[in-house]
Each structure stands twice: as C-alpha cells, then as structure tokens.
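An overview of the molecular structure
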Amino acid sequence: MTDRRPLLFTLAGIVATLVYFGVAEFIAGAFSATSAPLLILGQTIIPLVPTAMIKAAIAIFGTNDKLALVITLVIVGALLGGVIGRIGLHRRLLSLVLLLGLGILPVVLLLSTGGSILDAIPALGGAAVGCGAYLGLIRLGDGRELRAEEVSDTDRRTFFGLAAGLTAVGVAAIAAGQSSSTLARNAAGAVTKLVLPRAATSAPKISAGADLGIDGLAPIITGNDDFYRIDTALVPPAVDAASWSLHIHGMVDEEVTITMEELLELPLEEHRVTLTCVSNQVGGDLVGNATWLGYPVRELLKRARPSVDADMVLSTSDDGFTASTPLEALTDDRASLLAVGMNGDPLPRDHGYPARLVVPGLYGFVSATKWVTDLEVTRFDDKEAYWTKRGWSTHGPVLVASRVDVPRAGAHVSANKKGEIVTAGMAWAQHVGIAEVKVRIDTDDWHTAELSEELTTDTWRQWRCAFDELEPGSHTVTVRAVDEDGNVQIAERRPAIPGSATGLHDRQFVVD
Ligand SMILES: Nc1nc2c(c(=O)[nH]1)N[C@H]1C(S)=C(S)[C@@H](COP(=O)(O)O)O[C@H]1N2
Ligand SMILES: [Mo]
C-alpha cells in the first residue's frame with residue numbers, strides 16, 4: 001500500500017487555508033468589512049503589482065479585475081497552505097507555526113498601516129479555526145498513533161468527508177463575504193445622500209439633435225449605474241461628507257481648507273464632461289459622459305494664490321491615490337470642477353463620494369481623483385503621482401478617438417426601409433472637439449459620417465453613417481476621427497503605456 005499521507009497532509013493544509021479565509025470573511029462581515037484578510041492582502045498587493053501585469057489583468061478581466069485578484073489570492077493562499085500542510089507530516093510544530101504566521105500576516109500589514117487592534121479579530125479567529133481544522137484533519141489522515149499502513153478505511157472516509165465539508169463551508173463563507181461586502185457597499189451608497197443645492201449655473205438643456213437615438217449606440221449621457229469604474233480601491237473608501245474637507249497647500253501664498261458645508265454654499269456650476277481612462281483599449285468602453293455639478297477648481301486656487309514657479313497640482317484621495325494635473329488645466333478657463341454631483345445625484349460612492357475632480361481634456365489617471373481630500377500645489381520636477389511611478393506619463397492629454405457601436409461584432413444585418421445598412425458609434429477629443437468622423441467599409445473610400453449636435457467640446461459625439469448597395473456577405477467597418485485642431489486619429493496600433501492605446505477601431509459584420 002502506498003503511503004497516502006503526503007497527499008492527505010497537503011490536502012489538510014489547503015482545506016485549512018480555505019477555512020481560514022472563510023471564517024475570517026464571516027467574522028469581518030459581522031462587524032467590519034475592511035478587516036477581512038482578503039481585502040487587506042489585496043490592498044497591499046495592488047500597488048506592488050507590475051504595471052504590465054495590471055494592464056494584462058484589465059485587458060483579460062475588464063472591470064472584473066478585482067474579483068480576479070480575490071480568486072488569485074485564495075488560490076495562492078491555498079497552494080501555500082498545501083505546502084505547509086505537507087511539511088507537517090514530519091515537522092508538525094513547524095507547520096503549525098507557519099500556518100499561524102501566514103494567517104497573522106494580514107494583521108501585521110493592517111497594524112503597520114495604522115489599523116486598530118480590533119480589526120485583527122477576523123484574521124486571528126480565522127487562523128485559530130483554520131489551525132484547528134488542520135490538526136483535526138491530519139489526526140484522521142495520520143490515524144494518530146497508528147502507522148500509515150494501519151489507518152483504517154473508515155478514518156480515510158471520515159477524512160475526505162470532513163475535508164469536503166470544510167472546503168464547502170470555507171468557499172461558501174468566502175463567496176458570502178465577498179457578496180455581502182458588495183451589498184453593504186451599495187446600501188451605504190444609498191443612505192449617505194448629500195442634499196445638493198441647485199446649480200447657480202445650470203448646463204443647457206440637451207437638444208433633440210444631440211442624441212441620434214440609434215439602437216445599440218451609447219446614449220449621449222451615460223447613466224450613473226452604467227458609468228465605467230476604474231480605481232485602485234478593492235472596496236471604495238467610505239468618506240463621511242460631514243467630516244470631509246479639502247486642504248489646499250504647498251507652493252501657495254495662503255493655505256485653504258474648505259468643508260462640505262462651505263463648498264455647498266458656493267455658487268455651484270453644472271458642466272458636461274466626458275471622462276476617459278488611459279487604459280481604454282481601442283474600441284473599449286472605459287469612457288462615459290455625465291453632467292457634473294461642482295465648484296470651479298480655478299476659483300479655489302485663486303484663494304490660495306499659487307506661486308509662479310509651480311506647474312502641477314498633486315491631488316490625493318482619502319485612500320492615498322495621487323494624480324498630477326498640470327496647474328494650467330486647473331486655472332485656465334476650462335470647466336475643471338471639484339464635483340459633488342453626477343447626473344442630478346450626489347456622486348455615487350464608486351465615483352468618489354462626496355467629492356472628486358473632473359478635468360476636461362485629460363485622462364482620469366492624471367486628473368479625476370475620487371474621494372479627493374488634498375491639493376498640493378507643486379512642480380512636476382518635485383513630485384510624482386501614483387501611475388507615473390508605475391511607468392505612465394506625467395501629463396496625460398486625451399488623444400482624439402472613436403469607436404464603432406453599431407453593428408455589434410459579428411452581427412447579421414439587413415438593409416432598412418431605405419435600403420441602407422446603418423453604422424454608428426462614438427467619437428471624442430475632449431476640450432478640443434470632434435471636427436469630422438470618417439467611416440469606410442472594407443477597403444473602399446472613406447465616407448463622412450453625420451454627427452450628433454455637439455454639447456460642448458468637452459463631450460463626446462455620436463456619429464452615423466449609412467451605406468447602400470453593400471453586397472451580401474462579410475464586411476468590416478472602420479472609423480477614424482479628426483479633432484478641431486486637425487489631429488487625425490492615430491492609425492498605428494500602440495499599447496496603452498505610457499499614454500493611451502492607439503489604432504483604428506473596426507467591426508466585422510455580415511450582410512444577409
Ligand atoms: N482615488 C482614486 N481616484 C481615481 C482613481 C483611483 O484609482 N483612485 N483612478 C483614476 C482613473 S485611472 C480614472 S480613468 C478615473 C475613473 O473614474 P470613474 O471610476 O468615476 O469612471 O478615476 C480616476 N480617479
Ligand atoms: Mo484611468
């Protein structure tokens with residue numbers, strides 16, 4: 001009979017790790033979601049992951065990248081647990097010490113970043129139950145004092161039964177913990193409503209011509225629930241509006257601190273601005289357009305009086321994220337806002353409640369700091385922002401871009417009543433404006449698309465181009481935009497780092 005104990009000990013270690021994560025999630029869910037080891041480990045790891053890997057993860061998992069991270073952590077944890085479990089076959093004490101050490105690691109990370117001792121309870125509880133599970137299992141697997149060959153079949157069966165049961169409980173508890181933290185987050189988002197004042201300057205009404213109303217085409221204003229979300233926070237920070245304040249300091253004549261109460265008393269303005277992520281792939285959907293309510297950053301900076309030597313504002317979020325925005329983009333006449341409202345509602349928690357920056361013409365990573373609490377007037381030579389440290393550019397101006405929304409990829413389409421095949425999509429060149437969109441089928445000539453009425457140069461526009469006499473069969477539609485400065489969308493395929501992906505978007509479809 002072969003010795004199956006190495007396998008059983010390995011399994012016991014894996015199961016113990018799952019039990020650990022599960023129990024800790026369960027305890028954390030009961031009183032403090034931010035103390036769950038998976039969350040602590042995730043938050044620690046995100047800043048350490050090489051940019052290329054983050055890029056790859058976003059490309060593969062899209063906005064599920066955080067779920068992917070959690071699953072990876074559980075798998076890596078379980079594998080480590082397995083190795084430690086195996087060590088226990090000959091060195092029981094060492095394996096227990098290692099298991100406990102692994103379990104307590106999140107506590108160490110938490111306390112070193114200023115967490116409270118109470119937040120250690122989930123990890124400690126999980127580690128205790130996990131070690132208990134390990135001891136119980138190896139006792140069965142080992143048959144205690146019996147020699148390996150003498151372990152009875154009943155013991156083996158009990159072992160596998162218990163291991164399977166514990167695995168199920170552990171995995172279920174992890175899943176429940178993950179979804180309950182999502183639920184808690186949504187609930188919190190719903191109750192912490194600020195009451196926003198009316199805008200002193202409202203955005204103009206949207207005219208009928210601003211939205212072409214084509215099925216499958218993105219609407220001109222993106223709903224808050226549909227708005228893409230990109231940030232480094234595993235769970236978005238819960239910032240209390242009543243105790244929130246923004247501190248402006250650095251190379252200024254006068255430091256300024258403004259509370260929410262003071263901010264809401266100022267004459268707020270509404271502006272429509274399209275936000276884009278620099279890591280948006282060609283044809284991607286990390287772009288959205290909203291009506292933002294806020295106070296011009298320019299006016300706040302005027303109070304602080306920046307030094308003439310300054311050329312950058314480093315904005316910091318409640319969660320430590322930083323962005324470097326050219327000072328000029330915050331002091332010239334563009335609609336750069338300290339925003340509190342999004343499409344008529346207070347900012348959703350995912351989008352920066354209670355306050356964030358919105359700067360027309362720049363990618364989000366250098367400008368759109370959510371949960372913003374601090375503006376330091378400084379110089380590009382002196383300070384580096386979160387993503388710049390990781391290989392991305394410093395300034396981040398938006399490049400003219402366009403994408404095809406209609407037809408859907410691979411769609412079978414037939415001509416409308418007028419005998420036309422309709423193609424449509426979006427184009428943006430924030431703060432410069434879209435001048436022209438060209439569309440072509442296969443390698444035919446470029447056609448000029450019809451454009452939706454421009455809201456402002458800070459927002460995207462829809463385009464529509466109809467073709468008649470398309471042969472039945474497979475076709476490819478390609479789009480190319482030109483901005484008001486005459487910049488033609490770059491056709492060369494370039495990866496996103498350091499300053500946004502380039503290339504023309506195309507879609508294949510079939511005419512029936
Ligand atoms: N605090 C914080 N703010 C942030 C980020 C972040 O990681 N943390 N990401 C930025 C990036 S890269 C983008 S593209 C925008 C996205 O804003 P949204 O999630 O509201 O769409 O937020 C910006 N603001
Ligand atoms: Mo971004």
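Residues numbered from 1 in each chain as written. Chains lettered and ligands numbered in written order. Predicted model: local features only at pLDDT ≥ 70, side-chain atom pairs only at ≥ 80, totals over all residues. Heavy atoms only, no water.

Considerations on the nonpolar core
By size, the foremost hydrophobic cluster in this structure holds 99 residues, and its most contacted members are L246, M260, L263, W292 and L338. When residues no more than four places from it in sequence are discounted, the contact partners of L338 are W244, L246, L263, L293, G294, Y295, V297, L300, A355, R356, L357 and V372. Counting 21 residues, the second largest nonpolar core, distinct from the first, contains A429, I441, W463 and V511. (Core = buried A, V, L, I, M, F, W, Y, C linked by side-chain atoms within 4.5 Å. Buried < 20%, exposed > 50% of the residue type's maximum accessible area, 1.4 Å probe, protein only. Contact = heavy atoms within 4.5 Å.)

Considerations on the site of ligand 1
The local shell around ligand 1 holds 19 residues, among which Y228, T232, H351, R356 and K370 are the closest. Within the backbone of T232, a nitrogen or oxygen atom sits 2.9 Å from an oxygen atom of ligand 1. Surface burial for ligand 1 is 99%, taken as the share of its 530 Å² of free accessible area covered by protein chains. The class makeup of the residues in the shell around ligand 1 is 9 nonpolar, 5 polar and 5 charged. (Near = heavy atom within 4 Å. Polar contact = N/O pair within 3.5 Å; in protein donor to acceptor, adjacent residues only side chain to side chain. Areas by Shrake-Rupley, 256 points an atom, 1.4 Å probe, with all protein chains shown as cover. Nonpolar A, V, L, I, M, F, W, Y, C, P; charged D, E, K, R; others polar.)

Points about the sheet that holds strand 12 (residues 412-413)
Pairing within the open sheet is mixed, and its 5 strands lie in the order 12-19-18-14-15. The open sheet has two edge strands with one neighbour each: strand 12 and strand 15 (447-448). In this structure, strand 12 lies alongside strand 19 (residues 506-511), joined through 2 bridges in parallel fashion. The residue bridging V413 from the neighbouring strand is V511, located in strand 19. (Pairing = 2+ DSSP bridges. Helix = DSSP H or I, 4+ residues; strand = E, 2+ residues; numbered from the N terminus.)

Observations regarding unusual backbone geometry
Cis rather than trans, the peptide bond between Y353 and P354 has omega equal to 5°. Inspection of the secondary structure assignment puts P354 in the loop between strand 8 (345-346) and strand 9 (356-358). Residue P407 is reached from V406 by a cis peptide bond, and omega for that bond is -5°. As for its position among the elements, P407 is in the loop between strand 11 (401-406) and strand 12. Despite not being glycine, W371 has its phi angle at roughly 50°, a positive value. Looking at the element boundaries, W371 is found in the loop between strand 9 and strand 10 (372-378).

Here we look at the packing of helix 2 (residues 37-45) against helix 5 (residues 92-112)
For the pair helix 2 and helix 5, the least separation of the axes is 9 Å and the interaxial angle reads 60°. In this view, helix 2 runs oblique relative to helix 5, as classed from their interaxial angle. The crossing of helix 2 and helix 5 is left-handed. Here P37, I40, L41 and T44 of helix 2 come into contact with helix 5, specifically with L105, P106, L109 and L110. (Axes fitted to C-alpha atoms, helices over the stretch in contact; angles between N-to-C directions. Parallel < 35°, antiparallel > 145°, perpendicular 65-115°, else oblique. Left-handed = near helix turned anticlockwise from the far one by under 90°.)

Regarding empty space enclosed by the protein
Inspection of every chain in the model, using the stated rule, returns 2 cavities of 30 Å³ or more. Looking at the largest cavity, its volume works out to about 210 Å³. Taken together, 20 residues line the largest cavity, and the ones lying closest to its centre are V400, A401, W428, S500 and A501. With 3 residues, the top contributor of residues to the lining of the largest cavity is strand 11. For the lining of the largest cavity, the residue count by class is 10 nonpolar, 9 polar and 1 charged. Viewed by domain, the lining of the largest cavity spans two of them, domain 2 (219-390) and domain 3 (401-511), each represented by three or more residues. A16, T17, Y20, L99, L102, G103, A127, G130 and C131 are the residues that line the second largest cavity. Broken down by secondary-structure element, the contributors of at least two residues to the lining of the second largest cavity are helix 1 (5-31), helix 5 and helix 6 (121-142). Of the residues in the lining of the second largest cavity, the class split is 6 nonpolar, 3 polar and no charged. (1 Å grid on protein atoms, 1.4 Å probe; cavity = no way out; pocket = protein on both sides within 12 Å on 5 of 7 lines; lining within 4 Å. Points joined across faces, edges and corners; volume = space filled by probe spheres on them. Domains from an automatic or database assignment.)

Some thoughts on the packing of helix 4 (residues 65-87) against helix 5
At a closest axis distance of 8 Å, the pairing of helix 4 and helix 5 adopts a crossing angle of 160°. For the element pair helix 4 / helix 5, the angle class is roughly antiparallel. You can see that helix 4 and helix 5 cross each other, and the crossing is left-handed. Contacts between helix 4 and helix 5 pair L80, I84 and I87 from the former with L94, S95, L98, L99 and L102 from the latter. Here the residues of the contact of helix 4 with helix 5 are counted per class, giving 7 nonpolar, 1 polar and no charged.

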